[in-house]
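One letter stands for each residue in the lines below.
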Amino acid sequence: MSAEASVGSHAANSAQSTVSQPACLHTDEHRNQGLLGSKYVKLNVGGSLHYTTIQTLSKEDSLLRSMCNGETEVTIDSEGWVVLDRSGRHFELVLNFLRDGSVPLPEDHRELDEVLKEAQYYRVQGLVQHCLSAMQKQKDVFESVCRIPMITSAKEEQRMIATCRKPVVKLQNNRGNNKYSYTSNSDDNLLKNIELFDKLVLRFNGRVLFVKDVLGDEICCWSFYGEGRKIAEVCCTSIVYATEKKQTKVEFPEARIFEETLNILIYENNRGSGPGGLHLLDSRGSGSSLGTGQSEEEGAVGGDRRVRRIHVRRHIMHDERGHGQQTVYKD
């Protein structure tokens, strides 16, 4: 064979080999070029087909941009689709974020976690931060949801109150512990105390721990705790000596209960610690005015720290006063 024929045959074989190789798959030339020669891109993501532009894929410094400029090797099938071995369930969301800079995220925590993993894989940092912010909001909402623990012993209750970082409001409600009959308005007032407890839970949820105790000696008594110790107590019951028998009377000191709940907020996030918090507490001492039908006792607890006990007189000779004219006396 002549030299000219040999050269011609070698050129033909080289041309045939070049044509038979898939684009952007085996040759260094196509691998380095990436998708720069195209304006539109067809993406096959786990069987989910998407049609977009190089401009959209290159908006953020991500894996998709590196695929476009040739920094990352791409696989293109015989029909020209760029094949990505990932689930295509949330890829449309990734594309929409690149197009608009923002996108509605799923509310379901599991789906949101799936979107986050896809955003991390494609290195779309804007979408990653968007997902993390949404997760934090969901976490905050979940923590503020009212959770009702079941306490089975006094020690368990004391341990929970002592270790809680939030101020605590406890309502002791023991309807079945009454050895005397109730006065005419006591049942209604008992229900009003329970309803007020539920309203306070809704209003201060997330800032105060609310505890409802259905055991103990007291029929209706409010206790307020800060930094693990009792700050104040409002007892709502008294004993009335009627003409023939003793009766239990339940009061509804709504204003005082609400006031003590507001006072306990100074212990939120340890704001009651130190001289400032104690000064606020002491300023609410014996000089403050009390509502009708209430009295205040100061009991020494732990040095200068005292518990404000507000309660009605335990023994009243009669209950013949009209509504709004109730008078009570200190023990």
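Every chain begins its residue count from 1, and numbering advances along the sequence as written. Given that this is a predicted model, residues contribute local features only at a pLDDT of at least 70 and side-chain atom pairs are listed and counted only at 80 or more, while totals for whole chains, interfaces and linings are drawn from all residues. By convention in this description, side-chain values take in all heavy atoms of the structure and omit both hydrogens and water.

Engineer: In this structure, what is going on with the state of the cysteines? I would like to understand it.
Structural biologist: One way to say it: the disulfide is the covalent bond shared by the sulfur atoms of two cysteines. Note on disulfides: each one is a pair of cysteine sulfur atoms within 2.5 Å. Applying the stated criterion across every chain yields a total of zero disulfides. In this model Cys-221 remains outside any disulfide bridge; the closest cysteine sulfur is found in Cys-235, 4.7 Å from its own.

Engineer: How do you make sense of the pattern of salt bridges when you look at a structure like this?
Structural biologist: Where charged atoms from two side chains of opposite charge approach closely, those side chains can pair. Between Lys or Arg on one side and Asp or Glu on the other, a salt bridge is scored when a side-chain nitrogen of the former is within 4 Å of a carboxyl oxygen of the latter. Applying the stated criterion across every chain, the model contains 11 salt bridges. Here Glu-92 and Arg-99 are joined by a salt bridge, their closest N and O atoms 3.3 Å apart. Burial classes: relative accessible area under 20% of the type maximum marks a residue as buried, over 50% as exposed, and values in between as partly exposed (1.4 Å probe, protein chains only). Classification of Glu-92 as partly exposed rests on a relative accessible area of 35%. Of the charged contacts in the structure, one is a salt bridge between Glu-260 and Arg-256, with a shortest N-O distance of 3.1 Å. Here the residue Glu-260 and the residue Arg-256 both occupy positions in helix H10 (residues 254–263), the gap between them amounting to four residues, near one helical turn. Given the relative accessible area of 1%, Glu-260 is considered buried. A single network of salt bridges, built from pairs that share partners, joins Arg-89, Glu-111 and Glu-114. Strands here mean DSSP runs of E at least two residues long; helices mean DSSP runs of H or I at least four residues long; both are numbered from the N terminus.

Engineer: Would you mind going over the nonpolar core with me for this structure?
Structural biologist: One recurring pattern in soluble globular proteins is that nonpolar side chains are buried together. By nonpolar core is meant a set of buried Ala, Val, Leu, Ile, Met, Phe, Trp, Tyr and Cys residues that side-chain atoms within 4.5 Å join together. Judged by nonpolar contacts, the single largest core of 32 residues is most densely connected at Phe-91, Leu-105, Tyr-122 and Leu-127. Looking at this core, the elements that each hand over two or more residues are strand E1 (40–45), helix H3 (54–57), helix H4 (63–68), strand E4 (82–84), helix H5 (91–100), helix H6 (109–122) and helix H7 (125–144). Counting 26 residues, the second largest nonpolar core, distinct from the first, contains Val-169, Ile-231, Val-234 and Val-250.

Engineer: Sorry, what's going on with the packing of helix H9 (residues 186–203) against H10 here?
Structural biologist: Each pair of packed helices gets described by two things: the angle between the helix axes and the distance between those axes. Packing of H9 against H10 leaves a shortest axis separation of 11 Å and a crossing angle of 30 degrees. In this view, H9 runs roughly parallel relative to H10, as classed from their interaxial angle. Seen from above, H9 lies across H10 with right-handed handedness. From H9, Asn-193, Leu-196, Leu-200 and Arg-203 reach across to H10, where they touch Glu-254, Ile-257, Phe-258 and Thr-261. In this count, Pro and Cys sit with the nonpolar residues alongside Ala, Val, Leu, Ile, Met, Phe, Trp and Tyr, while Asp, Glu, Lys and Arg are called charged and the others, Gly among them, polar. Of the residues belonging to the contact of H9 with H10, the class tally is four nonpolar, two polar and two charged. To get an axis, fit a line to the C-alpha atoms, keeping to the stretch in contact for a helix; angles then go from 0 to 180 degrees between the N-to-C directions. Angular relationships are summarised with four words: roughly parallel below 35 degrees, roughly antiparallel beyond 145, roughly perpendicular across 65 to 115, and oblique for the angles in between. Should the near helix be turned anticlockwise from the far one by less than a right angle, the crossing is left-handed, and should it be turned clockwise, the crossing is right-handed. Only heavy atoms enter the contact rule, under which two residues are in contact if any of them lie within 4.5 Å.

Engineer: Please explain the packing of aromatic side chains as it appears in this structure.
Structural biologist: Two descriptors summarise a pair of aromatic rings, namely the distance from one centre to the other and the angle between the planes of the rings. Think of it this way: a Phe, Tyr or Trp ring, Trp meaning its six-membered ring, pairs with another when their centres are within 6.5 Å, and the plane angle makes it stacked under 30 degrees, edge-to-face over 60, tilted otherwise. Applying the stated criterion across every chain, the model contains six aromatic pairs. Centre to centre, the rings of Tyr-40 and Tyr-51 are 5.8 Å apart; their planes meet at 10 degrees, and the pair counts as stacked. One end of the pair, Tyr-40, is in strand E1; the other, Tyr-51, is in strand E2 (residues 48–53), and 11 residues separate them in sequence. Consider the rings of Phe-91 and Tyr-122, whose centres lie 5.3 Å apart with planes at 65 degrees: the pair is edge-to-face. You can see Phe-91 sitting in helix H5 and its partner Tyr-122 sitting in helix H6, a full 31 residues away along the chain. The exposure class of Phe-91 is buried, given its relative accessible area of 1%. Taken together, Phe-91, Tyr-121 and Tyr-122 form an aromatic cluster joined through their ring pairs.

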